[in-house]
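# Secondary and tertiary structure notes
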Amino acid sequence: MAHFTLPANSKIKPGKRHGGADGAKNVKEFAIYRYDPTSGENPRVDTYSVDMDHCAPMVLDALIKIKNEIDPTLTFRRSCREGICGSCAMNIDGKNALACLKPIEDVKGTVDIYPLPSLPVVKDLVPDLTNFYAQYAAVKPWLQSQTPAPPDRERLQSKEDQEKINTPSACILCACCSTSCPSYWWSSDRFLAGERLDALEDAFRLYRCHTILNCTQACPKDLNPGRAIAEIKKMIAERRL
């Protein structure tokens, strides 16, 4: 049996314990991944004790409280706090999610928080999304017309055509789906890239998807990327007939 191990400089070391909840009766612990590539040190996991009687209910609320009151060096992304921007995507309790939508009470025991899997880490909980955005642009997932636009008015769209894109347009590019996929972990540089159907018909692109459906379970907007990929496979199969 093959045995795999992380490079020495990637192994997570024991971290620090931080107080901040002295005398509190309702305390929750948060184990958070810490890594600063400029320090030359290995990543570590720090543990923070938070007084939940003085903390709002979401994981993002706890992270903000930790940064404001316990450890200002903690780094993470956040913006809208309403599940719209996708900025606070991270791995919480072993699953990718938006911290602003993840209730703390859903996690039993210590809340483990890591950056999104598979991506390079800029610092702490901040992943480098450069490659993810490049892949998104490569498949050109925007509307492309096959006829010229009318010269004197806007292009009209039927209700039926609008409904075809209504659901997928809810994607907020949080990367929870891609980074939950084992195929993406193995070959993130070649997953679903290229020119529409012609380029997607490749063993290292569309067919890297093995319908594990982690992506569908991870999507915070209740979309179904797995089914969408299956539909593309169906389209490719049908055009061969």
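Attention here is on the structure that accompanies the text. Note that the coordinates shown come from a computational prediction; the quantities given were computed from them, not determined experimentally.

## As for the pattern of salt bridges
In this structure the tally under the stated criterion is 9 salt bridges. Here Arg81 makes a salt bridge to Asp61, at a shortest N to O gap of 2.4 Å. In this pair, Arg81 sits in the loop between α1 (59–69) and β4 (89–92) while Asp61 sits in helix α1, placing the two residues 20 residues apart along the sequence. By relative accessible area, Asp61 is classed as buried at 12%. Where salt bridges share partners, they join Arg34, Arg44, Asp46, Asp71 and Asp124 into one cluster.

## Some thoughts on the state of the cysteines
In total, this model carries 0 disulfides according to the counting rule given. Unpaired in this structure, Cys88 has its nearest cysteine sulfur neighbour in Cys100, at a distance of 3.6 Å. What makes Cys88 buried here is its relative accessible area of 3%. Of the cysteine sulfurs around Cys171, a residue in no disulfide, the closest is that of Cys177, at 6.2 Å. Looking at Cys171, the relative accessible area reads 41%, which means it is partly exposed.

## A short note on the sheet that holds strand β5 (residues 95–98)
Two strands in a sheet stick together by hydrogen bonds in their backbones, pointing the same way (parallel) or opposite ways (antiparallel). Read across the sheet, 6 strands follow the order β1-β3-β2-β6-β4-β5 without closing on themselves; strand pairing throughout is mixed. The open sheet has two edge strands, β1 (13–18) and β5, and neither has a second partner. Put simply, the sheet's adjacent strands are angled 30° from each other on average, direction ignored. Sheet analysis places strand β2 (residues 27–34) next to strand β6 (residues 111–114), joined by 3 bridges and oriented parallel. By the bridge assignment, Ile32 is partnered in β6 with Ile113.

## Here we look at the environment of Tyr133
Counting through the fold element by element, Tyr133 comes out in helix α2 (residues 130–138). Once the C-alpha coordinates of Tyr133 and Leu173 are considered, the two residues, 40 residues apart in sequence, prove to be 8.4 Å apart.

## Quick notes on the nonpolar core
Most often, soluble globular proteins have nonpolar side chains that are buried together. Phe30, Ile32, Leu63, Met90 and Ile113 are the most contacted members of the largest nonpolar core, which totals 39 residues. Elements that contribute at least two residues to this core include exactly β2, β3 (44–51), α1, β4, β5 and β6. The dominant element in this core, judged by the number of residues it contributes, is α1, at 6 residues. Each residue touching Leu63, except ones within four places of it in the same chain, is listed here: Ile32, Leu74, Phe76, Met90, Ala99, Ile113 and Leu125.

## With respect to the packing of aromatic side chains
Enumeration according to the criterion identifies 2 aromatic pairs in this entry. Centre to centre, the rings of Tyr33 and Tyr114 are 5.8 Å apart; their planes meet at 45°, and the pair counts as tilted. Taken together, the residues span a long stretch of sequence, with Tyr33 in strand β2 and Tyr114 in strand β6 at a distance of 81 residues.

Rules of the game
Residues numbered from 1 in each chain as written. Predicted model: local features only at pLDDT ≥ 70, side-chain atom pairs only at ≥ 80, totals over all residues. Heavy atoms only, no water. Salt bridge = Lys/Arg side-chain N within 4 Å of Asp/Glu carboxyl O. Helix = DSSP H or I, 4+ residues; strand = E, 2+ residues; numbered from the N terminus. Buried < 20%, exposed > 50% of the residue type's maximum accessible area, 1.4 Å probe, protein only. Disulfide = S-S within 2.5 Å. Pairing = 2+ DSSP bridges. Axes fitted to C-alpha atoms, helices over the stretch in contact; angles between N-to-C directions. Core = buried A, V, L, I, M, F, W, Y, C linked by side-chain atoms within 4.5 Å. Contact = heavy atoms within 4.5 Å. Phe/Tyr/Trp six-rings, centres within 6.5 Å; stacked < 30°, edge-to-face > 60°.

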